[in-house]
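Structure at a glance
In case you want the letters, here they are:
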Amino acid sequence: MEKNPSSYYKVRFSDCDLFGHLNNARYIDYFVDAREDHLKEHYDIDLKTFYGQGIAWVVGSHEIIYRRPALYNERIYITSSVLKVTDDVILVEMLMMDEKKSHFKSIVWTTFIPVNVKTGKKEKHTASFMEFAAGVEVSGIDIASGIREREKGLRLLLQE
């Protein structure tokens, strides 16, 4: 099963600031939208189906580094990966790169928390979901060292 799904997007005018840079707040939207697309396209997971079953995920936190601006009309590449899954949290890394994948623009670590739609309270993942998540979880990334160390490693890997 694909552990690092990816897709291309175009930076839209309405998402940019006066300098033609993707607005900082919009990076999050692009990342979360890409993750939703990846779930649907690569795993046949429709969040609407989970919602109908009474389960949804809310964002617990975002930790983001802006490395280079994404520019108006630029074609960008976004990849997403599950770094860690527990019974009550999913940590997802999303990376935005240029179209050629030669340098990265931004990296975010987002913590998603499962909640019961009816009660609004935190809920544990089901056994079947945990089984699926374990199959897509990426290994070999030192989460304990943090996102800054991860960013440094990516820069070295890309020879930036």
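Below is a summary of the structure that appears in this document. (Residues numbered from 1 in each chain as written. Predicted model: local features only at pLDDT ≥ 70, side-chain atom pairs only at ≥ 80, totals over all residues. Heavy atoms only, no water.)

**A few points about helix α3 (residues 127-136)**
Spelled out, the test is: The classification of residues rests on relative accessible area computed with a 1.4 Å probe and restricted to protein chains. Under 20% of the type maximum is buried, over 50% is exposed, and intermediate values are partly exposed. Every helix listed is a DSSP run of H or I at least four residues long, and every strand listed is a run of E at least two residues long, numbered separately from the N terminus. The arc in question is the one traced by the directions running from the helix axis out to the C-beta atoms. What makes two residues a contact is simply this: any of their non-hydrogen atoms within 4.5 Å.
Every buried residue of α3 is listed here: F129, A133 and V136. Within α3, the buried residues cover an arc of 60° as seen down the axis, which keeps them to one side. Looking at α3, the residues exposed on the side facing more than 90 degrees away from the buried face are A127, S128 and E131. Of the surrounding secondary structure, the elements contacted by the buried residues of α3 are α1 (24-43), α2 (47-52), β2 (55-66), β3 (75-86) and β4 (89-98).

**Considerations on the pattern of salt bridges**
Once the charged atoms of two side chains with opposite charge are near each other, the side chains can pair. Here is the rule: One side-chain nitrogen of Lys or Arg within 4 Å of one carboxyl oxygen of Asp or Glu is enough to make a salt bridge.
Under the defined criterion, the tally for this structure stands at 11 salt bridges. For the salt bridge of K40 with D46, the shortest nitrogen-to-oxygen distance reads 3.6 Å. When its relative accessible area of 24% is taken as the criterion, D46 is described as partly exposed. A salt bridge links E93 to R150, with the nearest nitrogen and oxygen atoms 2.8 Å apart. Taken together, the residues span a long stretch of sequence, with E93 in strand β4 and R150 in helix α4 (residues 147-157) at a distance of 57 residues.

**As for the packing of aromatic side chains**
Heads up, the condition is: When two rings of Phe, Tyr or Trp (its six-membered ring) have centres within 6.5 Å they constitute a pair, described as stacked for plane angles under 30 degrees, edge-to-face for angles over 60, and tilted for the intermediate range. Geometrically, a charge over a ring is one whose NZ (Lys) or CZ (Arg) sits within 6 Å of the ring centre while staying within 35 degrees of the ring normal.
A full pass over the atoms with the stated rule returns 8 aromatic pairs. Look at F13 and Y72: their rings are 5.6 Å apart centre to centre, the planes differ by 80°, and that puts the pair in the edge-to-face class. Linking F13 in the loop between β1 (6-10) and α1 with Y72 in the loop between β2 and β3, this pair joins segments that are 59 residues apart in sequence. Under the relative-accessibility criterion, Y72 is labelled partly exposed at 44%. Pairing Y27 with Y66 gives two aromatic rings, centres 5.0 Å apart and planes at 80°, and the pair type is edge-to-face. You can see Y27 sitting in helix α1 and its partner Y66 sitting in strand β2, a full 39 residues away along the chain. Note on Y66: relative accessible area 36%, which makes it partly exposed. An aromatic cluster is present here, built from Y43, F50, W57, F129 and F132 joined pairwise through their rings. Residue placement shows K101 over the ring face of Y77; its charged tip is 4.7 Å from the ring centre.

**Quick notes on the environment of R75**
Convention followed: Pairing of N or O atoms within 3.5 Å defines a polar contact, subject to two protein rules: one partner must be a possible hydrogen donor and the other a possible acceptor, and residues neighboring in sequence count only if both atoms are side-chain atoms.
By the secondary structure assignment, R75 is in strand β3. On the basis of relative accessibility, which here comes to 38%, the residue R75 falls in the partly exposed class. It is 4.5 Å that separates the C-alpha atoms of R75 and K10, two residues lying 65 residues apart in sequence. When near neighbours in sequence (up to four residues on either side) are disregarded, R75 contacts Y8, Y9, K10, D98 and E99. In this structure the side chain of R75 is engaged in a polar contact, spanning 2.8 Å, whose partner is the side chain of E99.

**Focus on the sheet that holds strand β5 (residues 104-116)**
Strands belonging to one sheet form pairs held by backbone hydrogen bonds; the direction of such a pair is parallel or antiparallel. What counts is decided by this rule: A pair of strands is considered paired only if DSSP assigns at least 2 bridges between the two. Throughout, an axis means a line fitted to C-alpha atoms (over the contacting stretch in the case of helices), and angles, computed between N-to-C directions, take values from 0 to 180 degrees.
Taken together, 5 strands build an open sheet; the order of strands is β1-β3-β4-β5-β2 and the sheet is antiparallel. Unpaired on one side and paired on the other, β1 and β2 mark the two borders of the sheet. This sheet shows a mean twist of 25° between the axes of neighbouring strands, independent of strand direction. With 11 bridges joining them, β2 and β5 adopt antiparallel strand pairing. Paired with S61 across the bridge in β5 is T111. The sheet contacts of α3 involve β2, β3 and β4, and relative to β3 the element is tilted by about 125°. Contacts from α4 reach β2, β4 and β5 within the one sheet, and its direction differs from that of β5 by about 140°.

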